[in-house]
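Survey of secondary and tertiary structure
Here is what each chain is made of, one letter per residue.
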Amino acid sequence: MKKNIAVIGGDGIGVEITAEAIKVLNKIAVKYNHEFEFAHVLMGGVAIDETGVPLPEETVKICKASDAVLLGAVGGPKWDTGSDGKPLQGHLRPEAGLLGIRAALGLFANIRPVKLFDVLADSCVLKNPGKIDLIIVRELIGGAYFGKRETYKDESGARAAYDTMLYRDWEIERIAEIAFKLAQKRSGRVCSVDKANVLDSSRLWREVVWEVYNREKYKGVTLSDMLVDNCAMQLVRDPSQFDIIVTENLFGDILSDEASVLTGSLGMLPSASLAGICTDSRTESVIGMYEPCHGSAPDIAGQDKANPLAMILSAAMMLRLSFDMDKEALDVENAVERVLAKGLRTGDIYRGYDGTKIVGCAEMGAAVTGEI
Ligand code: IPM
Ligand code: MG
């Protein structure tokens, strides 16, 4: 099969980790007789430096015309302040590029699987983690990150700022549907997370999620609600109670970083951002953007220290979710597991145990490629 993949290396370690994912994909292409064509495009800080804006039109055009997008990471201290030393305005920051491309491609569903590999059980921050295999389904193009906002001086001269967390029923409906469909393929437990004891947007969230659940009668799926502060606590108290967590944009951003350390490191967490979900018959084709949950880690950028596994596992999600290549995806995932079982560790997951060896980003990528 021939597929066109847009690649946004971005900033910091983004370029290093995407290079490793491409090596893995090239190997898959050879082994399974596919043709993957990669188009490298600019976004984030590097785009600001080269074109003056975080998301050039050209990038949006190429991504829209591609079968899928691979994204490393964007941002870094270099672009926190402008030439006058003042904090850069939101729309000029590298992150605006990321939010912009998500919106431009309509990627409303962010799927973040949180899975603790058996061989990394020692790296989990919990003493007795049990089985951790959950998915955070985060609404990605609504809520406070996209609502009306303003920074101004009020009548008294005080500096003031606000952001608006706004949701429409259809925005909640479509993400709830994704969570329920995913649940049908797993153990069937969906926990909808909100702050309905305080926020209007959360009360609407809860109402609509239940409406969708009762209307569509998802067979074998159970639904429960949890307040976000409780969920933050339950995630570290007993993560094995969760199967699918569905939540709005800001809560999902925070909870997914929290959940990531349960897997040993933020460097292990892949993600998919989708404009919809393939049905079982797989007749729909949906564009997806695949990126690790971690950031650009400027402190270790360019030093061959980054963990490329979240990026490589994101590429596996791309194979499965956008290209319908289940076998190939599993091959990549198994290769990652074997490399870890052999004791290879990047710095973030290295605990100094016998039989483990610390390796750099390129060596880790090469090892995974070698296992395919
Ligand atoms: C993430 C990141 C982004 C987000 C930032 C970089 C804008 O934290 O993907 O979780 O908040 O969505
Ligand atoms: Mg985040």
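Residues numbered from 1 in each chain as written. Chains lettered and ligands numbered in written order. Predicted model: local features only at pLDDT ≥ 70, side-chain atom pairs only at ≥ 80, totals over all residues. Heavy atoms only, no water.

Attention now moves to the overall build of the protein chain. Tallying secondary structure elements over the protein chain gives eleven helices and 14 strands in all. With the C-alpha coordinates aligned to their principal axes, the bounding extent of the protein chain is approximately 60 × 55 × 45 Å. In the protein chain, buried positions account for 52% of the 372 residues. Within the protein chain, residue pairs in contact and separated by at least 24 positions form 73% of the contacts whose partners lie at least 6 positions apart. Taken as two groups, the 42 positive and 53 negative side-chain charges of the protein chain have centres that lie 2 Å from each other. (Helix = DSSP H or I, 4+ residues; strand = E, 2+ residues; numbered from the N terminus. Buried < 20%, exposed > 50% of the residue type's maximum accessible area, 1.4 Å probe, protein only. Contact = heavy atoms within 4.5 Å. Lys, Arg positive; Asp, Glu negative; His and termini not counted. Charge placed at Lys NZ, Arg CZ, Asp CG, Glu CD.)

With that settled, consider the domain arrangement of the protein chain. Under the domain assignment used here, the protein chain contains domain 1 (1-113 + 268-372) and domain 2 (125-263). On the side of domain 2, 21 residues touch domain 1, which itself brings 19 residues to the contact. Taking both partners together, domain 1 and domain 2 bury about 1,800 Å²; carbon and sulfur atoms supply 69% of that area. Counting every contact that joins domain 1 to domain 2 gives zero salt bridges. Where domain 1 packs against domain 2, one counts four residue pairs in polar contact (both at pLDDT 80 or more). Of all elements in the fold, only α4 (94-104) and β4 (109-115) reach the threshold of two or more residues within the side of domain 1 that touches domain 2. (Domains from an automatic or database assignment. Buried area = accessible area lost by both parts, 1.4 Å probe. Salt bridge = Lys/Arg side-chain N within 4 Å of Asp/Glu carboxyl O. Polar contact = N/O pair within 3.5 Å; in protein donor to acceptor, adjacent residues only side chain to side chain.)

Before going further, it helps to examine the site of ligand 1. Ligand 1 sits among E95, L98, R102, R112, R138, Y145 and D253. The contact in question runs from an oxygen atom of ligand 1 to an N or O atom on the side chain of R138, over 2.8 Å. In this structure, an oxygen atom belonging to ligand 1 sits 2.8 Å away from a side-chain N or O atom of D253. When atom positions are compared with the pocket grids, ligand 1 is found to occupy the largest pocket. The element best represented in the shell around ligand 1 is α4, accounting for three residues. Residues that form the shell around ligand 1 fall into these classes: two nonpolar, no polar and five charged. Looking at which domains feed residues into the shell around ligand 1, each of domain 1 (1-113 + 268-372) and domain 2 (125-263) gives three or more. (Near = heavy atom within 4 Å. 1 Å grid on protein atoms, 1.4 Å probe; cavity = no way out; pocket = protein on both sides within 12 Å on 5 of 7 lines; lining within 4 Å. Sits in = over half its atoms within 2 Å of the grid points. Nonpolar A, V, L, I, M, F, W, Y, C, P; charged D, E, K, R; others polar.)

Moving on: the pattern of salt bridges. The final tally for this structure, using the stated rule, is 25 salt bridges. With its nearest N and O atoms 2.8 Å apart, the salt bridge here joins K31 to D331. Of the two residues, K31 is situated in helix α1 (residues 14-32) and D331 in helix α10 (residues 326-341); the sequence distance between them amounts to 300 residues. In this structure, R93 engages E95 in a salt bridge whose closest nitrogen and oxygen atoms are separated by 3.3 Å. Residue classification places R93 among the partly exposed positions, given a relative accessible area of 22%.

Below, the discussion takes up the pairing of strand β10 (residues 244-247). With burial as the criterion, each face of β10 is covered, one bearing I244 and V246 and the other bearing I245 and T247. As paired elements, strand β8 (residues 189-194) and β10 share four bridges and run parallel to each other. In the sheet register, C191 faces β10, and the bridge partner there is I245. (Pairing = 2+ DSSP bridges.)

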